[in-house]
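If you want the building blocks of each chain, they are given just below.
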Protein chains: 2
Amino acid sequence: MATLGDLERSVMDLLWDSAVAQTANDLRDKLAQVTGSDGKELAVTTVLTVLARLEKKQLVTRARDTRPHRYLAVTSREEHTVELMNEAMGNVMDREAVLARFIGGISPEELASLRRILDDGASA
Amino acid sequence: MATLGDLERSVMDLLWDSAVAQTANDLRDKLAQVTGSDGKELAVTTVLTVLARLEKKQLVTRARDTRPHRYLAVTSREEHTVELMNEAMGNVMDREAVLARFIGGISPEELASLRRILDDGASA
DNA sequence: GCCCAATTTCTACATAACGTAGAATACTTC
DNA sequence: GAAGTATTCTACGTTATGTAGAAATTGGGC
């Protein structure tokens, strides 16, 4: 998967934060608010271009049957994050070492929740 | 941190795989072997350019006191991977959810080692 | 001390990704 | 079918990366 640019990231954040599908205009308006306080409105075509690119990257789908197409994220932010993490691990052979270091760096709270997760899903 | 390009990645892999510092020529030779069987030798300047960029990205340091400068990776591959993983998690608020999903996707063996790691370092 | 050969730095160009948006085309609705 | 709205095409500037020649630097040998 490709890394997201700033605008792409902002759009994905908006999509991830809303349960319902958004139109390009919705997103442009929200971007104006979120993106700093500059209030600088982007052209809708800009948003549409980015959405098309995100669609090509399979991060976004759109409902083409409604007229203002409605866009929504394909995966959750968490799912996407996990994919990035796995991608990062992909090249490494010593996955255990990575896990060890990773765990060594997380907060006690997260460590606790990690234990909990492991204990709960006590599968094979 | 920036994502590495293909050549940058190859160079880092070579540096990560060798304990001793390498010269640009060393790396060029090894790249010719590693990079497919095309045996196509890159120009040394190409390797040097990439090394300079990796240095700027603080992934590589070089000994400037020896004449053919000798380059070596600043961090281990594992360390770097962990950084990427943390960077991926950086934006997310629900880190627990990410952890849960991440764990849900790893192999039983890794799960086992994960438990082991957690049990060993039973710190606060 | 000077020159050569090896090495490094500068400069440069091609390609691709991304931000950005106008021009052109396609729907909808009246 | 005219008008407005929405989408697609096309395009340009910027930055990252792969690639390497030209120019400068430096360590040795004579």
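Going along each chain's sequence as written, the residues are numbered from 1 onward. Following the order in which they are written, the chains are lettered starting with A and the ligands numbered starting with 1. Per-residue local features of the predicted model are confined to residues with pLDDT of at least 70, and side-chain atom pairs are confined, for both listing and counting, to 80 or more; whole-chain, interface and lining totals are unaffected and use all residues. Side-chain figures throughout are based on the complete set of non-hydrogen atoms in the structure, without hydrogens or water.

A word on the overall build of chain A
Secondary structure elements follow DSSP: runs of H or I no shorter than four residues count as helices, runs of E no shorter than two count as strands, and numbering proceeds from the N terminus. Within chain A one finds six helices and two strands. Secondary structure elements of chain A occur, N-terminal to C-terminal, as α-α-α-β-β-α-α-α. The size measure is the radius of gyration over C-alpha atoms, and the globule rule it meets is 2.2 Å times the number of residues to the 0.38 power. Over its C-alpha atoms chain A spans a radius of gyration of 18 Å, topping by over 25% the 14 Å that the globule rule assigns to 124 residues. Reported as C-alpha extents along the three principal axes, the dimensions of chain A are approximately 50 × 35 × 30 Å. Within the span of chain A, comprising 124 residues, buried residues form 38% of the whole. Here, two residues are considered to be in contact whenever any of their heavy atoms come within 4.5 Å of each other. Expressed as a percentage of contacts within chain A between residues at least 6 apart in sequence, the contacts between residues at least 24 apart total 46%. Carbon and sulfur atoms make up 52% of the accessible area of chain A, which totals about 6800 Å². Charge assignment in this entry is limited to Lys and Arg as positive and Asp and Glu as negative, and neither His nor the chain termini are counted. Note that the charge is assigned to NZ on lysines, CZ on arginines, CG on aspartates and CD on glutamates. Charge separation in chain A, taken as the distance between the mean sites of 16 positive and 20 negative side-chain charges, equals 7 Å. Whether a residue is buried, partly exposed or exposed follows from its accessible area with a 1.4 Å probe, protein chains only, as a fraction of its type maximum: under 20%, in between, or over 50%, in that order. The protein chains shown are the only cover counted for residues, whose accessible areas, like all others here, come from Shrake-Rupley with a 1.4 Å probe.

What to know about the protein's contact with DNA strand D
Close to DNA strand D lie 20 residues; A:His69, B:Thr3, B:Asp6, B:Leu7 and B:Arg53 are nearest. Working definition: residue near molecule or strand if any one of its non-hydrogen atoms lies within 4 Å of it. The sugar-phosphate portion of DNA strand D accounts for 57% of its atoms within 4 Å of the protein, the bases making up the rest. Pairs of N or O atoms within 3.5 Å make up the polar contacts considered here, provided that, within protein, one atom can donate a hydrogen while the other can accept it, and that residues adjacent in sequence are counted only when both atoms are side-chain atoms. In this structure, a phosphate oxygen belonging to DNA strand D sits 2.6 Å away from a main-chain N or O atom of B:Leu7. For DNA strand D, a phosphate oxygen lies 3.5 Å from a polar atom in the backbone of B:Glu8.

Observations concerning helix H3 (residues 44–56) of chain A
All names here are of chain A. Given a helix with a known number of residues, its expected span is that number minus one, times 1.5 Å. Taking 1.5 Å of rise per residue, the 13 residues of H3 would be expected to cover 18 Å, and the 18 Å separating its terminal C-alpha atoms lies within 8% of that figure. Listed as buried for H3 are Val47, Val50, Leu51, Leu54 and Glu55. Taken down its axis, H3 places every buried residue within 140° of arc, on the same side. In this structure, H3 carries Thr45, Arg53 and Lys56 as exposed residues pointing more than 90 degrees from its buried face. Throughout, the arc means that of the directions going from the helix axis to the C-beta atoms.

Re the pattern of salt bridges
All names here are of chain B. The term salt bridge refers to a side-chain nitrogen of Lys or Arg lying within 4 Å of a carboxyl oxygen of Asp or Glu. Counted under the stated rule, the structure contains 22 salt bridges over all chains. For Asp17, the salt bridge is made with Arg77, and the minimal N-O distance between the two is 2.3 Å. With Asp17 in helix H1 (residues 6–17) and Arg77 in helix H4 (residues 77–90), the pair connects residues that are 60 residues apart, well separated along the chain. Its relative accessible area of 7% is what places Arg77 among the buried residues.

Some points on the pairing of strand E1 (residues 60–63) of chain A
Residue and element names in this part refer to chain A. Burial along E1 is one-sided: Val60 and Arg62 are buried, while Thr61 and Ala63, pointing the other way, are not. For two strands to count as paired, DSSP must find a minimum of two bridges between them. In the sheet, E1 pairs with strand E2 (residues 70–73) via four bridges, with the strands oriented antiparallel. Residue Ala63 lies in a different strand from E2, and its bridge partner there is Arg70. Where E1 folds back on E2, the antiparallel hairpin that results is connected by six residues.

Notes on the protein's contact with DNA strand C
Lining the immediate environment of DNA strand C, one finds 20 residues, of which A:Thr3, A:Asp6, A:Leu7, A:Arg53 and B:His69 sit closest. The contact atoms of DNA strand C, taken as those within 4 Å of the protein, divide so that sugar and phosphate hold 56%. With respect to DNA strand C, the backbone of A:Leu7 contributes an N or O atom lying 2.6 Å from a phosphate oxygen. Measuring from a phosphate oxygen of DNA strand C, one finds a backbone N or O atom of A:Glu8 at 3.5 Å. Of all the secondary structure elements, the ones that give two or more residues to the surface near DNA strand C are helix H1 (6–17) and H3 of chain A together with helix H3 (44–56) of chain B. Per-element accounting of the surface near DNA strand C gives the leading share, four residues, to H3(A). All residues other than Ala, Val, Leu, Ile, Met, Phe, Trp, Tyr, Cys, Pro, Asp, Glu, Lys and Arg, Gly among them, are scored as polar; the first ten of these are nonpolar and the last four charged. The class makeup of the residues in the surface near DNA strand C is five nonpolar, eight polar and seven charged.

Notes on the interface of chain B and chain A
With 39 residues of chain B at the interface, the matching set in chain A holds 39 residues. Among the ionic pairs, B:Glu110 bridges to A:Arg95, the shortest N-O distance being 2.3 Å. Our count for the contact surface shared by chain B and chain A stands at seven residue pairs in polar contact (both at pLDDT 80 or more). Every element with two or more residues in the side of chain B that touches chain A is listed here: H4, helix H5 (95–105) and helix H6 (108–120) of chain B.

A word on the nonpolar core
In terms of nonpolar packing, the biggest core is built from 26 residues, with A:Met85, A:Phe102, A:Leu114, B:Met85, B:Phe102 and B:Leu114 touching the most fellow members. At the level of secondary structure, the elements contributing two or more residues to this core comprise helix H4 (77–90), helix H5 (95–105) and helix H6 (108–120) of chain A together with H4, H5 and H6 of chain B. Discounting chain neighbours no more than four positions away, the residues touching A:Met85 are A:Phe102, B:Met85, B:Ala88, B:Met89, B:Val98 and B:Phe102. Among the buried residues, those of types Ala, Val, Leu, Ile, Met, Phe, Trp, Tyr and Cys that are joined through side-chain atoms within 4.5 Å form a nonpolar core.

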